[in-house]
Amino acid sequence: NAMQWIVGRVKKKDGEKTGDIVLTTAPEDLVLDAFKQELNAAGYKVVPVDALPQEVAKGLAVAGITVELEEVPDMLKAEGISRLAISIELWKNGRMFRKLDYKSMLSDFAIKNRDQLLPTLLQKSLQEVMKQAIPEIVRALES
């Protein structure tokens, strides 16, 4: 029995909820994986830990993640919305020195391949946030 995370709802045009949107991967894991890939690509050696070591030279802590997906299907198409908010703490020499917040809200619709609409939107939201976050994080950690 796999774990599932409810991250949104399927609803009719009038707003009546008709179902839940679930992920089989924790939203935190999706975000952490994206950060790990992007920071590795930027030349950092990323070591995931449960808690930052007390005298960490350079560190990043995810302070908050919100993933909300919404789908409104009808006979012809499905409309989807992806909202992603991520809050990051930057650490240097054992002290938190900056907090950064990123948000993405994307919407789209699909006529074909409707089952790919929300996963694609969520992926694009993650990419949008990473495009903003990684250069800012690298600049801050290196200054």
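Heads up: these notes are all about the structure in this document. (Residues numbered from 1 in each chain as written. Predicted model: local features only at pLDDT ≥ 70, side-chain atom pairs only at ≥ 80, totals over all residues. Heavy atoms only, no water.)

### Observations concerning helix 2 (residues 117–142)
Argument step 1. Look at helix 2: 38 Å from first C-alpha to last across 26 residues, which is about the 38 Å you get at 1.5 Å a residue.
Argument step 2. When the local axis directions of helix 2 are compared, the greatest deviation, roughly 25°, occurs at Met-130. (Helix = DSSP H or I, 4+ residues; strand = E, 2+ residues; numbered from the N terminus. Expected span 1.5 Å × (residues − 1). Bend = angle between axes of the 7 residues up to and from the residue.)

### Notes on unusual backbone geometry
Argument step 1. Even without being glycine, Asn-93 reaches a positive phi, approximately 50°.
Argument step 2. With respect to the helices and strands, Asn-93 occurs in the loop between strand 4 (78–92) and strand 5 (95–110).
Argument step 3. On the basis of relative accessibility, which here comes to 55%, the residue Asn-93 falls in the exposed class.
Argument step 4. Look at Asn-113: it is not a glycine, yet its phi comes out positive at around 50°.
Argument step 5. Following the sequence through the fold, Asn-113 ends up in the loop between strand 5 and helix 2.
Argument step 6. On the accessibility criterion, Asn-113 (59% relative accessible area) is exposed. (Buried < 20%, exposed > 50% of the residue type's maximum accessible area, 1.4 Å probe, protein only.)

### Description of the layout of surface pockets
Left-over empty space is what a probe sized like a water molecule reveals as it rolls over the atoms.
Argument step 1. Taken as a whole, the largest pocket spans an internal volume of roughly 670 Å³.
Argument step 2. Lining of the largest pocket is provided by 23 residues; of these, Val-46, Val-47, Pro-48, Leu-52 and Leu-60 occupy positions nearest its centre.
Argument step 3. Those elements that provide at least two residues to the lining of the largest pocket are helix 1 (27–41) and strand 3 (58–73).
Argument step 4. The element contributing the most residues to the lining of the largest pocket is strand 3, with six residues.
Argument step 5. Residue composition of the lining of the largest pocket, grouped by class: 17 nonpolar, one polar and five charged.
Argument step 6. Its volume calculated, the second largest pocket comes out at about 230 Å³.
Argument step 7. Forming the walls of the second largest pocket are Ile-21, Val-22, Leu-23, Thr-24, Thr-25, Leu-30, Leu-69, Leu-118, Pro-119, Leu-122, Gln-123 and Leu-126.
Argument step 8. Sorting elements by how many residues they give to the lining of the second largest pocket places helix 2 first, with five residues.
Argument step 9. Residues that form the lining of the second largest pocket fall into these classes: nine nonpolar, three polar and no charged. (1 Å grid on protein atoms, 1.4 Å probe; cavity = no way out; pocket = protein on both sides within 12 Å on 5 of 7 lines; lining within 4 Å. Points joined across faces, edges and corners; volume = space filled by probe spheres on them. Nonpolar A, V, L, I, M, F, W, Y, C, P; charged D, E, K, R; others polar.)

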